[in-house]
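# A closer look at the structure
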Amino acid sequence: MKRSIRNPAFWTQAFLYKRKEKRKLIGKNPEKIFLDLVVKNLSKTKSLLDIGTGLGKTPISLAKHTKDAWGIDPARKLINYAKLRAKKLHIKNIHFEVADGRNLPFEKEKFDIVISQRGPVTDNVGFAREAFRVLKKGGQLIEITIGEQDKENIKRTFGRGQNYYGLINKVSSAKNKKQLLKKAGFRKIKTRYYNLTEYFAAKHDLILRLLRTPIIPNFNLKKDYKLINKVINKYSTTKGIKTNAHRLIIIAKK
Ligand SMILES: C[S@@+](CC[C@H](N)C(=O)[O-])C[C@H]1O[C@@H](n2cnc3c(N)ncnc32)[C@H](O)[C@@H]1O
């Protein structure tokens, strides 16, 4: 199966892993900074859309701050789970739909805020144009995505990885994504990088992360065992296996 951010089947499998890896971030988690930022821009009169919602955790946690919240994802199993979870929690102002971010099933100018938490919204201009279309005038797109330097030491050891080209050639995702958003019609685009130290508690925690994400394309436990051991030997510390988490937060206006 293709380990790609755009493969719903991969994410369905990844999200349904029961175990979660043990790991620690040093500093304030950018995912939390992103959520705080979204909450700051929400109110009970606003409608929110989450693109690439997965299990719907983000809009479920935000619904209480909105008039209504929507989540879309092409992975039907994940959307079914999200619907069930919202029902169990008796959240009435939330809606989930199976949909592709490049072809949203909504009329233009429906939403005040469009968000994406490691989803595909700035992967290409097709996604960005759709986000722009469904946003009201003056509405905001707020995204958190993976920075090109994420897991730098691991990707360098493997000689491959998610956005390896950007890492090796120092191509700034922020710059590229800014251009792409401008092309889609957005203005007042702000970007900010966060780079934190991250420790995985043990070898199996790191392996679990590599299995559940597209950090290393075609990661294969058998074939890549030597490389995993190389990472462990080189980057094990008393606090765990040391690496980094690189994130990019983007805010843009329609
Ligand atoms: C890294 S996961 C993030 C999920 C969720 N936002 C979270 O933070 O838990 C990326 C999500 O993007 C979804 N995705 C893949 N292709 C997509 C597309 N064409 N349109 C919208 N979402 C897509 C995947 O199915 C997956 O759920």
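Anyway, here's the lowdown on the structure attached to this text.

### Remarks on the overall build of the protein
Across its full length, the protein carries 10 helices and 9 strands. The globule rule puts the C-alpha radius of gyration for 254 residues at 18 Å, and the 18 Å found for the protein is close to it. Principal axes of the C-alpha set define a box for the protein whose edges measure 55 × 40 × 35 Å. A total of 254 residues make up the protein; the buried ones form 39% of that total. Contacts in the protein between residues at least 24 apart in sequence constitute 71% of all its contacts with a sequence separation of at least 6.

### Quick look at the environment of L221
Inspection of the secondary structure puts L221 in the loop between α9 (203-212) and α10 (225-235). Considered as a pair, L221 and L210 are 11 residues apart in the sequence and their alpha carbons are 9.2 Å apart.

### Describing the site of the ligand
Near the ligand there are 21 residues, and of these W11, G52, G54, G101 and Q117 occur at the shortest range. Elements represented by at least two residues in the shell around the ligand include exactly α1 (8-15) and α3 (57-62). Of the residues assigned to the shell around the ligand, the class counts are 8 nonpolar, 7 polar and 6 charged.

### Points about the pairing of strand β4 (residues 94-98)
Along a regular strand, successive side chains alternate from one face of the sheet to the other. Here strand β3 (residues 68-73) pairs with β4 via 5 bridges, running parallel. The partner of W70 across the bridge, within β4, is H95. You can see the chain leave β3, run along helix α4 (residues 76-88) and come back into β4, and the turn it takes is right-handed.

### Side note on the nonpolar core
Judged by nonpolar contacts, the single largest core of 43 residues is most densely connected at L48, I113, V114 and A131. The greatest single-element share of this core, amounting to 5 residues, is contributed by helix α5 (residues 125-134). Once residues within four sequence positions are removed from consideration, L48 is found in contact with L42, P59, L62, T66, A69, W70, F111, D112, I113 and I115. One finds Y199, L206, V231 and I241 within the second-largest nonpolar core, a separate group that totals 12 residues.

### Structural notes on unusual backbone geometry
Unusually for a residue other than glycine, E109 sits at a positive phi of about 60 degrees. Here E109 is to be found in the loop between β4 and β5 (111-117). The partly exposed category is assigned to E109, around which 13 C-beta atoms lie within 10 Å. A positive phi angle, close to 50 degrees, is found at K151, a residue other than glycine.

### Looking at the packing of α5 against helix α8 (residues 173-184)
In the contact formed by α5 and α8, the axes pass within 9 Å of each other and the chain directions differ by 50 degrees. Between α5 and α8, the angle falls in the class oblique. Note on packing geometry: the crossing formed by α5 with α8 is right-handed. Where α5 approaches α8, its residues V125, A128, R129 and F132 are matched on the opposing element by L180, L181, K183 and A184. Split by residue class, the contact of α5 with α8 holds 6 nonpolar, no polar and 2 charged.

### As for the environment of R23
Structurally, the position occupied by R23 is in strand β1 (residues 23-26). Taking the number of C-beta atoms within 10 Å as the measure of exposure, R23 has 18 and is therefore partly exposed. When sequence neighbours within four positions are dropped, the list of residues in contact with R23 reads E198, Y199, F200, A201 and D205.

### A closer look at the environment of I249
Position of I249 relative to the elements: it lies in strand β9 (residues 240-253). Here the alpha-carbon distance between I249 and E31, two residues 218 residues apart in the chain, equals 9.0 Å. Beyond its immediate chain neighbours, meaning those up to four positions away, I249 contacts P30, I33, F34, I144 and R192.

### A few points about α5
Among the residues making up α5, those that are buried are F127, A128, E130, A131, F132 and V134. On its buried face, α5 sits against β2 (47-51), β5, β6 (135-146) and α8.

### A few points about the pairing of β3
Most of β3 sits out of view: 5 of its 6 residues are buried. Strand direction decides the pairing type here: β2 and β3, joined by 5 bridges, are parallel. In the sheet register, D50 faces β3, and the bridge partner there is G71. Taken together, β2, α3 and β3 form a β-α-β motif whose crossover is right-handed.

Definitions and cut-offs
- Residues numbered from 1 in each chain as written.
- Predicted model: local features only at pLDDT ≥ 70, side-chain atom pairs only at ≥ 80, totals over all residues.
- Helix = DSSP H or I, 4+ residues; strand = E, 2+ residues; numbered from the N terminus.
- Rg over C-alpha atoms; globule rule 2.2 N^0.38 Å.
- Buried ≥ 20, exposed ≤ 12 C-beta atoms within 10 Å, placed from the backbone.
- Contact = placed C-beta atoms within 7 Å.
- Near = placed C-beta within 6 Å.
- Nonpolar A, V, L, I, M, F, W, Y, C, P; charged D, E, K, R; others polar.
- Pairing = 2+ DSSP bridges.
- Right-handed = clockwise from strand over helix to strand, strands pointing away.
- Core = buried A, V, L, I, M, F, W, Y, C linked by C-beta atoms within 7 Å.
- Axes fitted to C-alpha atoms, helices over the stretch in contact; angles between N-to-C directions.
- Parallel < 35°, antiparallel > 145°, perpendicular 65-115°, else oblique.
- Left-handed = near helix turned anticlockwise from the far one by under 90°.

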